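So you can see what is in the structure, the chains are spelled out below.
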Amino acid sequence: MAKKKSAAKPAKAASAAPTTHADGMPGIDIGLSAGERRKIAEGLGHMLADAFTLYLKTHNFHWNISGPMFNSLHVMFEGQYTEQWTALDEIAERMRALGYNAPGSYPEFIKLGSIKEEPGLADAADWREMVRQLVVGNEAVCRTARKALKTADDAGDDPTVDLMTQRLQTHEKYAWMLRSLLQ
């Protein structure tokens, strides 16, 4: 006698659908609470401000380097600012994935950033001063990345942890390479 097939088990109910906004768009349900996403995005906003300021300073020095170290520093600065430009987009896009707008104006970057512009470079700055400022700037970005990484790690936000880990590795390396020129 053939056995009867048992009735299929009912499928598990899908998790509660994310809330919808007044315009009918779905809310964000990526496994992080709204509060966690907000805190992470705030940290990324500070990171973006510092990273953009360092990018701009590095590009400025690339344009304005002169003297006996011109060729090597011109090439080094170009490699660094090119890599930094790509990273800016990754940071901003991570903020958008978390549901927040990325800052994108000088006033916002000044308010959120820890890297301050240093006057006195309008008149052919010495290459050592440029390198010193970039060491300080890269180290500042590292400190900001560590704060954002900790917030993301506490929330279990692995994509942001990964992004901040990559940025730390890059900026620690840049600081080391630049610092080595001054020793």
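Provided above is the structure to which this section pertains.
Residues numbered from 1 in each chain as written. Predicted model: local features only at pLDDT ≥ 70, side-chain atom pairs only at ≥ 80, totals over all residues. Heavy atoms only, no water.

Honestly, the packing of aromatic side chains in this entry has me stumped. Any pointers?
Aromatic ring pairs are described here by two measures, namely the spacing of the ring centres and the angle between the planes. Within this structure, the stated rule accounts for six aromatic pairs. Taken together, a centroid distance of 4.8 Å and an interplanar angle of 25° make the contact between Phe52 and Phe109 stacked. Remark: Phe109 occurs in helix H3 (residues 106-112) and Phe52 occurs in helix H1 (residues 34-64); sequence separation between them is 57 residues. The same class applies to Phe52 as to Phe109, namely buried. Here Tyr55 and Trp85 contribute two aromatic rings whose centre-to-centre distance is 5.1 Å and whose plane-to-plane angle is 45°, an arrangement assigned as tilted. Here the residue Tyr55 occupies a position in helix H1, and Trp85 occupies one in helix H2 (residues 70-97), the gap between them amounting to 30 residues. Pairwise contacts between aromatic rings join Phe52, Tyr55, Tyr81, Trp85, Tyr106 and Phe109 into one cluster. (Phe/Tyr/Trp six-rings, centres within 6.5 Å; stacked < 30°, edge-to-face > 60°. Helix = DSSP H or I, 4+ residues; strand = E, 2+ residues; numbered from the N terminus. Buried < 20%, exposed > 50% of the residue type's maximum accessible area, 1.4 Å probe, protein only.)

Teacher, can you tell me more about the environment of Tyr174 here?
Mapped onto the elements of the fold, Tyr174 is located in helix H5 (residues 158-181). Classification of Tyr174 by relative accessible area gives buried; the value is 10%. Tyr174 sits 97 residues away from Phe77 along the chain, and the two C-alpha atoms are 9.9 Å apart. Once residues within four sequence positions are removed from consideration, Tyr174 is found in contact with Gly79, Gln80, Glu83, Gln84 and Asn138. (Contact = heavy atoms within 4.5 Å.)

Just checking my understanding: could you explain H5 for this structure?
An α-helical turn contains 3.6 residues, so a residue and the one three or four places further along point in the same direction. Look at H5: 35 Å from first C-alpha to last across 24 residues, which is about the 34 Å you get at 1.5 Å a residue. Within H5, burial applies to Thr160, Val161, Leu163, Met164, Arg167, Leu168, Thr170, His171, Tyr174, Ala175 and Leu178. Check the buried side of H5 and you find it contacts H1, H2 and helix H4 (127-155). (Expected span 1.5 Å × (residues − 1).)

Whenever I open this one, the environment of Ala51 confuses me. Can you help?
Structurally, the position occupied by Ala51 is in helix H1. Note on Ala51: relative accessible area 7%, which makes it buried. Linking Ala51 and Leu88, residues 37 residues apart in sequence, is a C-alpha distance of 6.8 Å. Discounting chain neighbours no more than four positions away, the residues touching Ala51 are Leu88, Ile91 and Val141.

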